[in-house]
Amino acid sequence: MTSQRPPPGDDFGIYYVLRRSKSSGLSNAILDSKLEYFCPFFCSLQTLLSFPVTPSAECADHCHGPPAPTGGSQPHLQGVTGLRNLGNTCYMNAVLQCLCSISPLVEYFLSGKYITALHKDCSKVATAFAYVMTDMWLGDSDCVSPEIFRSALGNLYPTFMKKTQQDAQEFLIYVLNELHESLKKFHRRRSCETGSVPRCCRKAIASETSIVTRLFEGQLNYSIMCLKCENCTYRNEVFTVLPLPIPSEYKCSLQDCLQCFFQQDTLTWNNQLHCSCCETKQEAAVRASISKAPRIMIFHLKRFDILGTMKRKLRTDIHYPLTNLDLTPYICPVFRKHPKYNLCAVVNHFGDLDSGHYTAFCKNSVTQAWFSFDDTRVSEIPDTSVQTATAYLLFYSCQPFSIPIEKC
């Protein structure tokens, strides 16, 4: 997993990129960013970051005004903390709320395990993330400011410092990539598993691992069959966010989206692939399956559709289960250890492509209740309110979350 991948070196790579370009394409402003920085290692979070910290008591929301008043007699719940809007940063707040509700990730940072993994030359983003998470879980304020984290990430990608709306899934990918870069460990590289595992189900062995790859990284296996000579080849691609097409404009289910993604594609005409046996481009059948299912599965519902100069948002009402999402049909039989997943967080998007607003629904691992996070506004909601037609990112876990344990 790297923050910037090299361009594909073959026809299949081009096919893979084109298939996902609409959902995972990155803005030119971010891709053109070439800022270099050096981050010396310090033990103190505030010394390390050298950014001004907005006091937690100042919870004025730039978009919606001050947060709703809360009763002074009510104890503050761990992990139930609003985030101040710094000027069109609802996309950031929604993503941070979802990440900070994932119990194994929370425990990794609150326990201090991340400190020993930090790289000296790129530790600002991970340290700032730990700072915000600690405030959200161990602080006593109803809302905190994510200003430190935005500044750390904005030093690398200035687009996120602008007071303009950004895409939440694009922001999520950058956050996960930067956390990985800060915390990765290197291993002797092996190409893939061998032995009795069928070639179509072999997993590539990563040379770099981190808490991000252990929790969020999965792997797709593509079987590619030449329709002339029927020769089969296999390719692996890692993912942290799975972009799902929406097959209907009105109503469908998450299973319908999954079936659409994993159905066989026939590549013809200009999309033909080079066949090593025929030594020329041929029509091919391509089918994907999951050869490594991550512990946390993130689905990106591709609501933003751009065709040339025309763009629109699909407002399809997509039904997604809160429990027992069955991924068995899409996982290679050898690796069906955790085929069923439970929903743990949702990023919602309201509005259209040019203007809109993001919120989050997160299940708290302490109370097992669902909460709605709208910048500084936080409220408990019933399970029945989690299913909405505004869902944009879905976070599923293959295991129930336990209560995070902080460092003593």
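Residues numbered from 1 in each chain as written. Predicted model: local features only at pLDDT ≥ 70, side-chain atom pairs only at ≥ 80, totals over all residues. Heavy atoms only, no water.

Visitor: So what exactly am I meant to see when it comes to unusual backbone geometry here?
Guide: Backbone geometry follows two general trends: most residues other than glycine have a negative phi, and most peptide bonds adopt the trans configuration. Positive phi values are uncommon outside glycine, yet N88 reaches one of about 60°. If you trace the backbone, N88 turns up in the loop between β1 (82–83) and α4 (90–99). Residue N324 is not a glycine yet carries a positive backbone phi of 55°. Considering the arrangement of structural elements, one finds N324 in the loop between β16 (317–319) and β17 (325–326). (Helix = DSSP H or I, 4+ residues; strand = E, 2+ residues; numbered from the N terminus.)

Visitor: What's the story with the pairing of strand β18 (residues 340–351) in this structure? I'm lost.
Guide: Where a strand is regular, its side chains alternate between the two sheet faces. The sheet contact formed by β17 and β18 spans 2 bridges and is antiparallel. When the bridges of β18 are listed, L325 appears paired with Y341. Pairing of β18 with strand β22 (residues 391–397), which is carried by 6 bridges, proceeds in the antiparallel orientation. Bridge assignment links N342 to a residue of β22, and that residue is S397. Across 7 bridges, β18 lies against strand β19 (residues 356–363) in antiparallel orientation. Paired with A345 across the two strands is C362, which belongs to β19. Counting the residues that bridge the hairpin from β18 to β19 gives 4 residues. (Pairing = 2+ DSSP bridges.)

Visitor: Explanation requested: helix α8 (residues 147–156) in the structure shown.
Guide: Owing to its 3.6 residues per turn, the α-helix aligns residues three or four sequence positions apart on the same side. A large share of α8 lies buried, amounting to 8 of its 10 residues. Considered for burial, the residues of α8 that qualify are I148, F149, R150, S151, A152, L153, G154 and L156. (Buried < 20%, exposed > 50% of the residue type's maximum accessible area, 1.4 Å probe, protein only.)

Visitor: What's the story with the pairing of strand β12 (residues 284–292) in this structure? I'm lost.
Guide: Here β12 lies mainly inside the structure; 7 of its 9 residues are buried. Both strand β5 (residues 218–226) and β12 contribute to a ladder of 8 bridges, which runs antiparallel. Each bridged residue has a counterpart across the sheet, and for N221 the counterpart in β12 is S289. As paired strands, strand β9 (residues 265–267) and β12 are joined by 3 bridges and run antiparallel to one another. Considered in β12, the bridge of L267 is made with A284.

Keep in mind these values describe shape, not function.
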